[in-house]
Every structure is written in structure tokens, then in C-alpha cells.
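Topology and contacts: notes
Given next are the chains, with one letter for each unit.
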2 protein chains.
Amino acid sequence: MMMEKLTVYADRMSQPSRAVLLFCRLNAIDFEEIKVDISKRQHLSSEFREVNPLQKVPAIVHGNFNLSESHAIIVYLNSAFPGIAEHWRAKINSAMDWHHSNLRQGTVSYVINTVLGPATGRPLNPNAAAEAEKVLISSLSNLEDIWLNGDGRFLLGGSQPSIADLSMVCELMQLEVLDEKDRSRILSPYKKVLQWIEDTRAATNPHFEEVHNILYRAKKKFEQQRSRVAETGTEPSNKIGGHSKM
Amino acid sequence: MMMEKLTVYADRMSQPSRAVLLFCRLNAIDFEEIKVDISKRQHLSSEFREVNPLQKVPAIVHGNFNLSESHAIIVYLNSAFPGIAEHWRAKINSAMDWHHSNLRQGTVSYVINTVLGPATGRPLNPNAAAEAEKVLISSLSNLEDIWLNGDGRFLLGGSQPSIADLSMVCELMQLEVLDEKDRSRILSPYKKVLQWIEDTRAATNPHFEEVHNILYRAKKKFEQQRSRVAETGTEPSNKIGGHSKM
């Protein structure tokens, strides 16, 4: 099985895609990355449906074995490729399951209803954003007080980042695309969380910066759009599927 | 480790609690069940916080090892107790991860915003219910067309129920508490899903019915309340924390 070709289908704008790519890089796994651009609806193409009928990234093909869902992919790669350190056990599985319905739910909904939605032609939704912020704040508080409450620098007191650290830090990095005022308001009360992001970044560089580059570029683009709107009152023109009414 | 005492903290009104209990029963694992009644806020007690600082059920204590999150608990129990069949692999992990953000998200939000919320003093929220119904319908459609598209009677073509079957069928059983009209409207188009619920029930009885009994009783209570409201216009009087304004 080791010599089977591994292909990773990913969009680096997606947090779980980044977690899988980062895991492969950190462990020197030989793979081909195929970009599935969600903003161009490539995940809905008939070719990609052959790879993952759920039409979501990330997904892998390893030999003739197809798999989706980032956590399952990483657990699979960990067992399929030799020599990868096993930093995690049942507690790590627990942290990853918690992530789905808490940190991830808050982050995704907040980012979509403030920045990413309007950038792709969906309306701003302040009510949904306010609800999402509550979930996000409560999750950050649990991260700070419970998950990061051990002796080590990483989740559950670990001295090395585990896959749970990768998955959750990739999630929080999505907040980069927010207006810096909002990002700072949300994250700055959580000192351990901020330190943990930096520790994870340091422990996983240069791969960390390499897979997050796309976010920094997106952040800059959104900032420019916001300052243009503030200066001229002109709406951004990058709405996908929106026709100009002017 | 095998002789360590296992305690399961659960509220049978919670889907993941039921999945853990059902798994223990099916595999003849010796354990003590301690009820943590969410409607009485027992999950917020200081005793329970010692068990699970996240204050959620289910949670276990096995010897001096504490663990939360139903999937992690079941994976742990599977490795900690001998002689349990390993029906699942990476695809099953994938199905369980999918469950969190799709089937579970739709079901939980729909049930809370239609029946369970009002029964515990929260207002009806038709907008949130409508959003949740979209997620639920889309998840049911994926279950029918993708996850149940194999040759076998169970998820991914299995001939035996896996933990993914347990988890998801426990989730769908939560719809029992709905008004029967709503439940039928939502589920009846999905013939494979309905058959799969029955097959899982048959393969796991008598434990299945035993852990779901509480739901059937709740269903009856909610039906009686609804018919009382319909007949007399009187609101149900079981609101927790609500003070009568009359």
C-alpha cells in the first residue's frame, strides 16, 4: 500500500483542507495536491463527484481507496504511512469531536455571515453573525480554560502538537480574514489561545506559513475593499453570480 | 485495565448518551449508569464538573480515566474491552465526522426550535426551525443516496451495524418527539432511511427499545400537551424557569 499514489483534493481557503495538507507536509508524505476551487464551484463538477460524492473538500484518493472528512483522512494516513509519531489517543479524539459542534460551528458561521458571504454575493446577516459569535466566544473560553489547561504548550498538556492542535489552529486562522478590529475584539481576551496559535505555528513552520499564505492574501484583498468602500462608498465588485445593477 | 470500574454518566434524552449506552449493552460491557438529568440542570452541578469540565453528557470514568464525546468514548471502549467485533474502519470514521456537522446539526436545531425548546420555556423559533429543516433534509438526502447506497442493510454496505449506524440512528430517533405530522413529512420520502432505522432496531433489540423508551414516553407527553392546547387553548405548564404571568 505504501507505494500507492496519494492524491489530495483541497481548497486552501478551507480550514480542513489546510489541516490535511499540513499533516502530509509535516510527515513528509509524498502526495499530489489537486486544487478544487470552491469559489469557482469546482467541488460541484462531475469529475470531483467521482472522487467524493458528498462534493466536499478535503478528499483523498490513495490507490483505489477514496476518503473524505479531514479527521478521518488524517487518522487513516497516520495508520497507512509508517514512521509517523502517534501523539494522540482517546482524549485527542474527544477534542476533535468537540471541535465539530463548537469551535468550528462558531468560526464558520461568523466568518461567512460577516466577510466571506458578502464577498461571494450573499447578504450580510448580522443576526446569524451575533448567534455565531456567542458560540465562538463560548468555545474560545472552553479552549482557554479546559483544553489548554495542561502543563504543556499544546492541547491536553502535550509537549508536541497533535492532530487536534492542527485542526483547531487551522480553524482559528480563518479569523485572519476578518476586519482586524473584529478579530482582535474576539481573540485578544484569550491569552493562552493566542500563545498556542503562535506555538503551533512555530512548531510546524515553514509548512504552517506556506499553507496559510492564501489567507494572508485574502485578508489584504478584503482590507483593500473595505477601505475603498469607506473612502468612496463604492461596493466591492467581486460578487460571484451577482449582476451589476448600475 | 479490564477490571477497572466503568461508570457512564448519561441522560437518555440525549442522543449521544443513548449511543454510548447502547454500545455498552450490545457488547455486554459491565458498567454503572448514572443519570445526569439535563432538564434539572444536573450537568451544571459541581459534582459533574469533576467528571467532565465541559459539563456535557455522555461522559465516562474508567478507573481513573475520564473521557467525554460519544464517538471518542465508543472508540476507546472498543479498544479497552476485549472481544468486541471491529466492524468499522476509516470510512466509518468519515461517516461519524460527517454526522456532527450535518445530520446532527439539522436534527438538534429542528427539534429544539419546534418541540423541546418550548417544552423547557424557550420560545418557538420558526425561522431557526426552517433553517434547521433545510440542513436536515439535505442530510437525509445524502444518507439515502450516498451513505446507504451499498449492497448491505447498513451504512457503507455493511451487513452488521457499526458504531456509525448506532450514532446516526440514535440521532434520527430524536425525531420521535415531533408532532407526528412533521415527523412523517420529513422522514417519509426517505425509504432506505426508514428501512435502515428498522433494520438497526431489529439488529440491536432488546437494547434498542430499552434505551429509547424514555423518548416514547416524552412523545406521549408532548402529544397530550398539544391536544390539551388544541382543545382548551391552555399553554402547557411544564416550562422550566418560567413564571406564570396569569
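Under the annotation held in an unreviewed UniProt entry, chain A carries the name glutathione transferase and is attributed to Sphenostylis stenocarpa. Note on chain A: under the UniProt heading Sequence similarities (unreviewed entry), the record states "Belongs to the GST superfamily. Theta family." Listed in UniProt under the heading Catalytic activity (unreviewed entry), the comment for chain A reads: "RX + glutathione = an S-substituted glutathione + a halide anion + H(+)".

1. Some words on the overall build of chain A
The helix and strand inventory of chain A stands at 10 helices and four strands. Counting helices and strands in the order they occur from the N terminus, chain A gives β-α-β-α-β-β-α-α-α-α-α-α-α-α. Here chain A, with 246 residues, has 49% of them falling under the buried criterion. A fraction of 67% describes how many contacts in chain A between residues 6 or more apart in sequence connect residues 24 or more apart. For chain A, the accessible area works out to roughly 11,900 Å², and carbon and sulfur atoms hold 51% of it.

2. Focus on the interface of chain A and chain B
Contacts between the two partners involve 25 residues from chain A, matched on the other side by 25 residues from chain B. Of the roughly 2,100 Å² buried where chain A meets chain B, counting both sides, 59% is carbon and sulfur surface. Here chain A is connected to chain B by zero salt bridges. Put simply, the parts of the chain that give the side of chain A that touches chain B at least two residues each are β4 (65-68), α3 (70-80), α4 (90-101) and α6 (126-147) of chain A. If you tally residues by element for the side of chain A that touches chain B, the top one is α4 of chain A, at eight residues.

3. A short note on the relation of the copies chain A and chain B
With an RMSD of 0.0 Å, the operation that places chain A on chain B is a rotation of 180 degrees combined with a shift of 0.0 Å along the axis. Taken together, the rotation and translation relating the two chain copies correspond to the operation of a two-fold axis. The fraction of interface residues of chain A whose copies in chain B are also interface residues reaches 100%, indicating that both copies meet through the same surface.

4. Observations concerning the sheet that holds β4 of chain A
Residues and elements named next belong to chain A. What the four strands build is an open sheet, ordered β2-β1-β3-β4; its pairing is mixed. If you trace the sheet from one side to the other, it starts and ends with β2 (32-35) and β4, each paired once. Along the sheet, successive strands turn relative to each other by an average axial angle of 20 degrees, direction set aside. Sheet analysis places strand β3 (residues 59-62) next to β4, joined by four bridges and oriented antiparallel. By the bridge assignment for β4, Ala59 is matched with Ser68.

5. As for the packing of aromatic side chains
Two numbers describe a pair of aromatic rings. These are the distance of the centres and the angle of the planes. Residues and elements named next belong to chain B. Tallying each qualifying case throughout the model produces six aromatic pairs over all chains. Where Trp98 meets Trp147, the ring centres are 5.6 Å apart and the plane angle is 55 degrees; that geometry is what we call tilted. Pair noted here: Trp98 is in helix α4 (residues 90-101) and Trp147 is in helix α6 (residues 126-147), with a separation of 49 residues, a long-range link.

6. Concerning the pattern of salt bridges
Residue and element names in this part refer to chain A. Counting across every chain of the model gives 38 salt bridges over all chains. Where Glu198 meets Arg201, a salt bridge forms, and the shortest distance between an N and an O atom there is 3.0 Å. Linking Glu198 with Arg201, this pair stays in helix α9 (residues 191-204), spanning three residues, or about one helical turn. Linked through salt bridges whose partners overlap, the residues forming this network are Arg12, Arg25, Glu33 and Glu210.

7. Considering the pairing of β3 of chain A
Within a regular strand, side chains alternate between the sheet's two faces. Residue and element names in this part refer to chain A. Side chains Ala59 and Val61 of β3 all project onto a buried face; the interleaved residues Ile60 and His62 project onto the opposite face, where all are buried too. Summarising the sheet, strand β1 (residues 6-10) and β3 pair through four bridges and their orientation is antiparallel. Bridge assignment links Leu6 to a residue of β3, and that residue is His62. Hairpin remark: β3 followed by β4, antiparallel, with two residues in the connecting loop; positive phi at Gly63, about 65 degrees.

8. Structural notes on the pairing of β1 of chain A
All names here are of chain A. Burial of β1 is extensive: five of the five residues sit out of reach of the surface. What you see with β1 is no split at all: Leu6, Val8 and Ala10 on one side and Thr7 and Tyr9 on the other are buried throughout. For β1 and β2, the ladder comprises four bridges, and the chain directions are parallel. Across the sheet, residue Thr7 finds its bridge partner in β2, namely Glu32. Of the crossover connections in this fold, the one passing from β1 over helix α1 (residues 15-26) to the parallel β2 is right-handed.

9. Regarding helix α8 (residues 180-187) of chain B
Residue and element names in this part refer to chain B. Residues Arg183, Ile186 and Leu187 constitute the buried set of α8. All buried residues of α8 lie within an arc of 85 degrees about the axis, which places them on one face of the element. Of the surrounding secondary structure, the elements contacted by the buried residues of α8 are α5 (103-119), α6, α7 (163-173), α9 (191-204) and α10 (207-232).

10. Re the environment of Asn93 of chain A
Within the secondary structure, Asn93 of chain A is located in helix α4. Note: C-alpha distance between Asn93 of chain A and Ala164 of chain A (71 residues apart in sequence) is 7.7 Å. Asn93 of chain A has contacts with Ala72 and Val75 of chain B, leaving out every residue within four places of it along the chain.

11. With respect to the nonpolar core
Counting residues in each nonpolar core, the largest one holds 62 residues, and the members touching the most others are Leu77, Leu143, Leu172, Val193 and Trp196 of chain B. Each of domain 1 (6-80) and domain 2 (90-232) of chain B contributes no fewer than three residues to this core. Formed by 61 residues, the second largest nonpolar core is a distinct cluster that contains Leu77, Met96, Ile163 and Ile186 of chain A.

12. Observations concerning the packing of α6 of chain A against α9 of chain A
All names here are of chain A. Where α6 contacts α9, the two axes come as close as 8 Å, and the packing angle between them is 80 degrees. When the axis of α6 is compared with that of α9, the two are roughly perpendicular. Of the residues in α9, those touching α6 at Leu140, Leu143 and Glu144 are Lys191, Lys192, Val193 and Trp196. A class-by-class count of the residues in the contact of α6 with α9 yields four nonpolar, no polar and three charged.

13. A word on the sheet that holds strand β4 (residues 65-68) of chain B
In a beta sheet, neighbouring strands pair by backbone hydrogen bonds and run either parallel or antiparallel. Residue and element names in this part refer to chain B. Taken together, four strands build an open sheet; the order of strands is β2-β1-β3-β4 and the sheet is mixed. For this open sheet the edge positions go to β2 (32-35) and β4, each flanked by a neighbour on one side alone. Across the sheet, the mean angle separating the axes of adjacent strands is 20 degrees when strand polarity is ignored. Packing against the sheet, helix α1 (residues 15-26) makes contact with β1 (6-10) and β2, and its axis sits at approximately 150 degrees to β1.

About the cut-offs
- Residues numbered from 1 in each chain as written.
- Chains lettered and ligands numbered in written order.
- Predicted model: local features only at pLDDT ≥ 70, side-chain atom pairs only at ≥ 80, totals over all residues.
- Heavy atoms only, no water.
- UniProt positions renumbered as here; feature names shortened; annotations may be inferred.
- Helix = DSSP H or I, 4+ residues; strand = E, 2+ residues; numbered from the N terminus.
- Buried < 20%, exposed > 50% of the residue type's maximum accessible area, 1.4 Å probe, protein only.
- Contact = heavy atoms within 4.5 Å.
- Areas by Shrake-Rupley, 256 points an atom, 1.4 Å probe, with all protein chains shown as cover.
- Buried area = accessible area lost by both parts, 1.4 Å probe.
- Salt bridge = Lys/Arg side-chain N within 4 Å of Asp/Glu carboxyl O.
- Least-squares fit on C-alpha atoms with pLDDT ≥ 70 in both.
- Pairing = 2+ DSSP bridges.
- Axes fitted to C-alpha atoms, helices over the stretch in contact; angles between N-to-C directions.
- Phe/Tyr/Trp six-rings, centres within 6.5 Å; stacked < 30°, edge-to-face > 60°.
- Right-handed = clockwise from strand over helix to strand, strands pointing away.
- Arc of directions from axis to C-beta.
- Core = buried A, V, L, I, M, F, W, Y, C linked by side-chain atoms within 4.5 Å.
- Domains from an automatic or database assignment.
- Parallel < 35°, antiparallel > 145°, perpendicular 65-115°, else oblique.
- Nonpolar A, V, L, I, M, F, W, Y, C, P; charged D, E, K, R; others polar.

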